[in-house]
Amino acid sequence: MARLYDSRKRIIVTGGAGFLGSHLMDRLISRGHEVICIDNFFTGTKKNIEHLKDKWNFEFIRHDVTLPMSYEADEIYNLACPASPTHYQHDPIQTTRTSVLGALNILDLATRLKCRVLQASTSEIYGDPEIHPQVETYWGNVNPIGPRSCYDEGKRCAETLFFDYRRQYGLRVKVARIFNTYGTRMHPADGRVVSNFVLQALRGDPITIFGQGSQTRSFCYVDDLVEGLIRLMESDEGVTGPINLGNPDEFTIRELAEMVIEQVGSSSKIVFEPLPQDDPRQRQPDISQAKALLGWEPKVKLRDGLARTIEFFRESILPGYAPS
């Protein structure tokens, strides 16, 4: 079982102004920890952390993790990397730099500080999987030269570095493989399926499905995912991962579209476009390790999480809204 620590810690969160990072910082700050947010606003936004600026235990540093850094901390969560295809394909070389050089800089810092460090890895490690559901021992089916490779292979290399630093320097590492996560503060232009469908439905635009919509995904609400990350960080010393964190409830993309249309009460119609290259056909986590080692499993059902997300986007797309 996970061992939770009550003492106040100084914690670095890279990519803290992003969707996931900002929720993680909220939780850490509410526990009384001092949190340093490091972000360069490539995909994160000031709006996500505006509510934290006057907190006594919050500090923001604008910095690119591909450059060396020297700060003090007891723990580091490395979430710095564009995580949606729209964002990581915009500048694929910088995406690879962020995954690989960013990991090296974070690991060097953690080695100097002798502190725990958690890598936010991804289910994209598995590529277009040939086994279902995906278990952590599966090595994946990844195209190393395709348009998604900057992210897939960058994250795979980052995992390699984390475990090499553990073997070579005895560094206390934790690696989480994050499956599709959604919720409030998602960037409206991130191109992810949940944000796309919700915005299209709210505007009454056609809902765009790539392929026939038979491909499956498993959607984890952000609050559940944050809980999993914290439990992994605070787990026993020998629990390193990789550990899958995601919701094992599986839905087709068409089922998701129909659920969004129903919950929004939209007149949107579904239209179909060609499937992008290397788009996975199935994606579902086996979370047996997370249950056994962390006592963790998601609680929020897709219908309930969508209701919260829809309300967020309903407010966000009012006239005058613009991501900053």
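Quick note: structure is the one above.
Reading the values: the criteria
Residues numbered from 1 in each chain as written. Predicted model: local features only at pLDDT ≥ 70, side-chain atom pairs only at ≥ 80, totals over all residues. Heavy atoms only, no water. Core = buried A, V, L, I, M, F, W, Y, C linked by side-chain atoms within 4.5 Å. Buried < 20%, exposed > 50% of the residue type's maximum accessible area, 1.4 Å probe, protein only. Contact = heavy atoms within 4.5 Å. Helix = DSSP H or I, 4+ residues; strand = E, 2+ residues; numbered from the N terminus. Expected span 1.5 Å × (residues − 1). Pairing = 2+ DSSP bridges. Axes fitted to C-alpha atoms, helices over the stretch in contact; angles between N-to-C directions. Phe/Tyr/Trp six-rings, centres within 6.5 Å; stacked < 30°, edge-to-face > 60°. Right-handed = clockwise from strand over helix to strand, strands pointing away.

A. Molecular detail of the nonpolar core. The biggest cluster of nonpolar side chains holds 60 residues, and the ones touching the most others in it are Leu20, Tyr77, Leu229, Leu245 and Leu306. Ignoring any residue separated from it by four or fewer positions in sequence, one finds Tyr77 in contact with Ile11, Ile12, Val13, Thr14, Leu24, Leu28, Leu118, Leu229, Ile230 and Met233. The next biggest cluster of nonpolar side chains, apart from the first, holds 26 residues, and it includes Ile76, Phe162, Val173 and Val175.

B. The arrangement of helix H8 (residues 253-264) in detail. With 12 residues, H8 should reach 16 Å at 1.5 Å per residue; the first-to-last C-alpha distance of 17 Å fits that figure. Directly after H8, the chain includes Gly265, whose backbone phi takes a positive value near 75°.

C. Main features of the sheet that holds strand E1 (residues 10-14). Spatially, E3-E2-E1-E4-E5-E6-E11 is the arrangement adopted by the seven strands of the open sheet, whose pairing is parallel. Of all strands in the sheet, those bounded by a partner on one side alone are strand E3 (58-62) and strand E11 (243-245). Neighbouring strand axes in the sheet, compared pairwise and without regard to direction, differ in orientation by 20° on average. As paired elements, strand E4 (residues 75-78) and strand E5 (residues 116-122) share four bridges and run parallel to each other.

D. Spatial organisation of the packing of aromatic side chains. By the definition in use, this model includes six aromatic pairs. Note on Tyr126 and Phe179: the rings are 6.1 Å apart at their centroids and 35° apart in plane angle, and the pair reads as tilted. Of this pair, Tyr126 sits in the loop between E5 and helix H5 (149-169) while Phe179 sits in the loop between strand E6 (173-178) and strand E7 (181-182), placing them 53 residues apart in sequence. In this pair, the class of Tyr126 matches that of Phe179, namely buried. Look at Phe312 and Phe313: their rings are 5.2 Å apart centre to centre, the planes differ by 75°, and that puts the pair in the edge-to-face class.

E. Here's a closer look at the pairing of E1. The buried fraction of E1 is high, at four of five residues. In the sheet, E1 pairs with strand E2 (residues 34-39) via five bridges, with the strands oriented parallel. Within the sheet, the bridge partner assigned to Val13 lies in E2 and is Cys37. On the question of chirality, the crossover connecting E1 to the parallel E2 by way of helix H1 (residues 19-30) is right-handed. Summarising the sheet, E1 and E4 pair through four bridges and their orientation is parallel. For Ile12, the partnering residue across the bridge sits in E4 and is Ile76.

F. Fine view of unusual backbone geometry. For the peptide bond that leads from His132 to Pro133, omega is -10°, which places it in the cis range. Within the secondary structure, Pro133 is located in the loop between E5 and H5. The amide bond that connects Gly241 to the next residue, Pro242, takes the cis arrangement and shows omega of 0°. Tracing the chain through its elements places Pro242 in the loop between helix H7 (222-233) and E11. We note that Phe41 has phi near 60°; this positive angle belongs to a residue other than glycine. Along the chain, the position of Phe41 falls in the loop between E2 and helix H2 (46-49).

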